[in-house]
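# Report on the structure
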Amino acid sequence: RTVIAALFADQEALSGQTITVCGWARTIRDMKTFGFIELNDGSCFKNLQVVMDANTLDNYKEIAGQNVGAALIVTGTVVLTPQAKQPLEVKAVSIAVEGPSAPDYPLQKKRHSVEFLRTIQHLRPRTNLFSAAFRVRSVAAHAIHCFFQDRGFVYAHTPIITAADCEGAGEMFQVTTLDLANVPMTEDGQVDYSQDFFGKKASLTVSGQLNAENFAMAFGNVYTFGPTFRAENSNTARHAAEFWMVEPEMAFADLNDYMNTAEDMIKYIIRFVMERCPDEMNFFNSFVDKGLKDRLEHVASSDFGRVSYTEAVELLKKVNDKFDYKVEWGCDLQTEHERYLTEQVFKKPVFVTDYPKEIKAFYMRQNDDGKTVAAADCLVPGIGEIIGGSQREERLDVLEARIRELGMNPEDYKYYCDLRRYGSCRHAGYGLGFERMVMYLTGIGNIRDVELHPRTVGNAEF
Ligand code: 4AD
Ligand code: MG
């Protein structure tokens, strides 16, 4: 059995040979004496053109009468067709129907809207758009592993279930085996989690960072890459309740080391995907986002911008009348501000650094001014924030004071503080939202279309 990708890759060697391919019919055309099938097997973006001759193919009528979507096994001869639209075709010797498709198969040759395709999540991977998107997603994941492994980072599998709220935003999905209709209570009227599965309140992780820091204090440079969960009630095109995050953590590193690594990583992923997914990228460039390829090439070969939060606020205040949400020092930047900075001011990705400590998480290292922290968000045109990260607070006394100041329970962060007791060191890390990276690579405008089965507010099919 040959996959279509191999057929296109080795066409000279396979020319004249008899091969067998298995796939799904994208189109079937019956011209009475002969017919054509466009077959796709998912191994690459391209379809294979199969030619059937009614005089030589025994079951021509059966095959020509199949519905689009049918699973077929085609045996035939490879013929190179350099003059034609496609460089090769297969002349069928025999075709077997592995599984017919019902006449109400919802995918037809015309272009369907992404909104419609979201209602058939189980079938949409068979469209050009999703075939390209999920192959790019897979190759981008490979790029991430190559980038970090080549640089000696250790891949750490951090847990999904946790008791710590890394970001402190209270957006955790709880994991419990308690009977919600009959929850055990303590004498002072609190839910008695000691009777729950883990003996304490547990949740799905919002970030693997705190665990990754433990690993970094032993292995030096580490990364996690896995699913994270947020019960954020934001119904936007770039928020999902379940998304994947890439989180490197580096010992003996500071904020600049984080930004340099992150910039190198984004450029590496872009080059890797452009090189390995030329058909997919041509498709996105023609049908989803014209100019995408030029833009990505430019990003991969020029420096990202860097600006402090305080400077960014000054820039934004000059055009405050443009914004629904007015900017002043101390406010969190909204998507409209992030997009203005990257699309109007810098016209390229930009790191915004040194945010006010009040709007950032407890673990970020305090700057000497007492007001800001050594944080940086990477913002990109079209999306806004794609990476959040910081240098971590490595000073035990400062960290403990901040934990108390924020009214958090120091007991819950005992392990985390312990790291500052035994060989603490300067360290930094960041989280790349993987779906947002795939959106950036493909020009796809909605996070629901880069996840196979998106989980968003009110939506958890399958
Ligand atoms: O900025 P965030 O919240 O940072 C952290 O979680 C840190 N603990 C990461 C670290 O330093 N190790 O999230 C990081 C990135 C964001 O920049 C964004 O790209 C993505 O994760 N992200 C989301 N992506 C999709 N849907 C959501 N609801 C997201 N929330 C964050
Ligand atoms: Mg963030």
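Residues numbered from 1 in each chain as written. Chains lettered and ligands numbered in written order. Predicted model: local features only at pLDDT ≥ 70, side-chain atom pairs only at ≥ 80, totals over all residues. Heavy atoms only, no water.

### As for the packing of helix H8 (residues 278-287) against helix H9 (residues 292-300)
Across the interface, H8 lies against H9 with an axial gap of 8 Å and an inter-helix angle of 120°. Along its contact with H8, which presents Met281, Asn282, Phe284 and Asn285, the element H9 presents Leu292, Lys293 and Leu296. Considered class by class, the residues forming the contact of H8 with H9 number four nonpolar, two polar and one charged. (Axes fitted to C-alpha atoms, helices over the stretch in contact; angles between N-to-C directions. Helix = DSSP H or I, 4+ residues; strand = E, 2+ residues; numbered from the N terminus. Contact = heavy atoms within 4.5 Å. Nonpolar A, V, L, I, M, F, W, Y, C, P; charged D, E, K, R; others polar.)

### Remarks on the nonpolar core
The tendency in soluble globular proteins is for nonpolar side chains to be buried as a group. In this structure, Tyr258, Ile269, Ile270, Phe284 and Ile387 are the most contacted members of the largest nonpolar core, which totals 69 residues. Contact partners of Ile387, with chain neighbours within four places excluded, come to Tyr258, Ala262, Met265, Ile266, Ala376, Asp377, Cys378, Tyr430, Gly431 and Leu432. Formed by 32 residues, the second largest nonpolar core is a distinct cluster that contains Val206, Val313, Leu316 and Cys417. (Core = buried A, V, L, I, M, F, W, Y, C linked by side-chain atoms within 4.5 Å. Buried < 20%, exposed > 50% of the residue type's maximum accessible area, 1.4 Å probe, protein only.)

### Things to note about the site of ligand 1
The environment of ligand 1 is made up of 25 residues, and the closest members are Glu167, Gln209, Arg230, Glu247 and Glu385. The separation between a nitrogen atom of ligand 1 and a polar side-chain atom of Ser207 is 3.0 Å. Contacts to ligand 1 include Gly388, whose backbone N or O atom sits 3.3 Å from an oxygen atom. Across the complex, the protein chains shield 94% of the 630 Å² of accessible surface that ligand 1 would expose by itself. Tallied by class, the residues present in the shell around ligand 1 amount to nine nonpolar, eight polar and eight charged. (Near = heavy atom within 4 Å. Polar contact = N/O pair within 3.5 Å; in protein donor to acceptor, adjacent residues only side chain to side chain. Areas by Shrake-Rupley, 256 points an atom, 1.4 Å probe, with all protein chains shown as cover.)

### Looking at helix H10 (residues 309-317)
Buried residues of H10: Tyr309, Ala312, Val313 and Leu316, and no others. Viewed end-on, H10 has its buried residues packed into an arc of 100°, placing them on one side of the element. Of the surrounding secondary structure, the elements contacted by the buried residues of H10 are strand E12 (305-308), helix H11 (335-346) and strand E13 (350-353). (Arc of directions from axis to C-beta.)

### A few points about the confidence of the model for the protein chain
When pLDDT is averaged along the protein chain, the result is 96; 100% of the residues meet or exceed 70. Interface predicted TM-score (ipTM) for the complex: 0.99; the corresponding pTM is 0.97. (pLDDT = per-residue confidence, 0-100.)

### Focus: the sheet that holds strand E9 (residues 202-204)
A sheet is described by the order of its strands in space; here three strands give the open sequence E7-E9-E8, paired in antiparallel fashion. What marks the edges here is a single partner per strand, and that holds for strand E7 (161-162) and strand E8 (174-175). Pairing of E8 with E9, which is carried by two bridges, proceeds in the antiparallel orientation. From the neighbouring strand, Val175 faces E9, where its bridge partner is Ala202. (Pairing = 2+ DSSP bridges.)

### Description of unusual backbone geometry
With phi around 75°, Lys32 is a residue other than glycine that occupies positive phi space. Turning to its location among the elements, Lys32 is positioned in the loop between strand E1 (18-30) and strand E2 (34-40). The backbone of Asp354 sits at a positive phi, close to 55°, despite the residue not being glycine. Summarising the element assignment, Asp354 is placed in the loop between E13 and strand E14 (375-380).

### Here we look at the environment of Gln149
By the secondary structure assignment, Gln149 is in helix H5 (residues 128-150). With 73 residues separating them in the primary sequence, Gln149 and Val222 have C-alpha atoms 9.3 Å apart. Every residue in contact with Gln149, bar those within four places of it in the chain, is listed here: Tyr155 and Tyr223.

### With respect to the pairing of E1
Taken together, the seven bridges between E1 and strand E4 (residues 71-80) define a ladder with antiparallel strand orientation. Along E4, the bridge assignment pairs Ile19 with Gly76. Pairing geometry for E1 and E2, over six bridges, is antiparallel. When the bridges of E2 are listed, Arg29 appears paired with Phe36. The loop that links E1 with its antiparallel partner E2 comprises three residues; one of these, Lys32, has a positive phi angle of about 75°.

### What about the pattern of salt bridges?
Applying the stated criterion across every chain yields a total of 23 salt bridges. With a shortest N-O distance of 3.1 Å, Lys360 and Asp377 are connected by a salt bridge. With Lys360 in the loop between E13 and E14 and Asp377 in strand E14, this pair connects stretches of sequence that are 17 residues apart. Taken as a pair, Lys360 and Asp377 share a single burial class, namely buried. Arg402 is the salt-bridge partner of Glu405, the closest N and O atoms lying 3.3 Å from each other. Of this pair, Glu405 and Arg402 both sit in helix H12 (residues 396-405), three residues apart, which is roughly one turn of the helix. Three or more residues are tied together by salt bridges with common partners; here these are Glu213, Glu249, Arg392 and Arg420. (Salt bridge = Lys/Arg side-chain N within 4 Å of Asp/Glu carboxyl O.)

### Observations concerning the state of the cysteines
Following the criterion strictly, the structure yields zero disulfides and no others. Between Cys22, a cysteine without a disulfide, and Cys44, which holds the nearest cysteine sulfur, the sulfur-to-sulfur distance is 14 Å. Left unpaired, Cys417 is separated from the closest cysteine sulfur, that of Cys166, by 13 Å. (Disulfide = S-S within 2.5 Å.)

### Observations regarding the packing of helix H7 (residues 255-276) against helix H14 (residues 434-442)
Two quantities define a packed helix pair, namely the angle between the axes and the distance from one axis to the other. One way to put it is that H7 packs onto H14 with a least axis distance of 11 Å and a crossing angle of 50°. In terms of their interaxial angle, H7 and H14 are classed as oblique. Between H7 and H14 the crossing geometry is right-handed. Contacts between H7 and H14 involve Ile266, Ile269, Ile270 and Val273 from the former and Met437, Tyr440 and Leu441 from the latter. (Parallel < 35°, antiparallel > 145°, perpendicular 65-115°, else oblique. Left-handed = near helix turned anticlockwise from the far one by under 90°.)

### Here we look at the packing of aromatic side chains
The final tally for this structure, using the stated rule, is 24 aromatic pairs. Here the aromatic rings of Phe225 and Phe434 are separated by 5.0 Å at their centres, their planes lie at 75°, and the arrangement is edge-to-face. With Phe225 in strand E10 (residues 221-229) and Phe434 in helix H14, this pair connects stretches of sequence that are 209 residues apart. Comparing Phe225 with Phe434, the two get one shared label, buried. Each ring, one from Tyr309 and one from Tyr355, has its centre 5.3 Å from the other, and the planes form 40°; the classification is tilted. (Phe/Tyr/Trp six-rings, centres within 6.5 Å; stacked < 30°, edge-to-face > 60°.)

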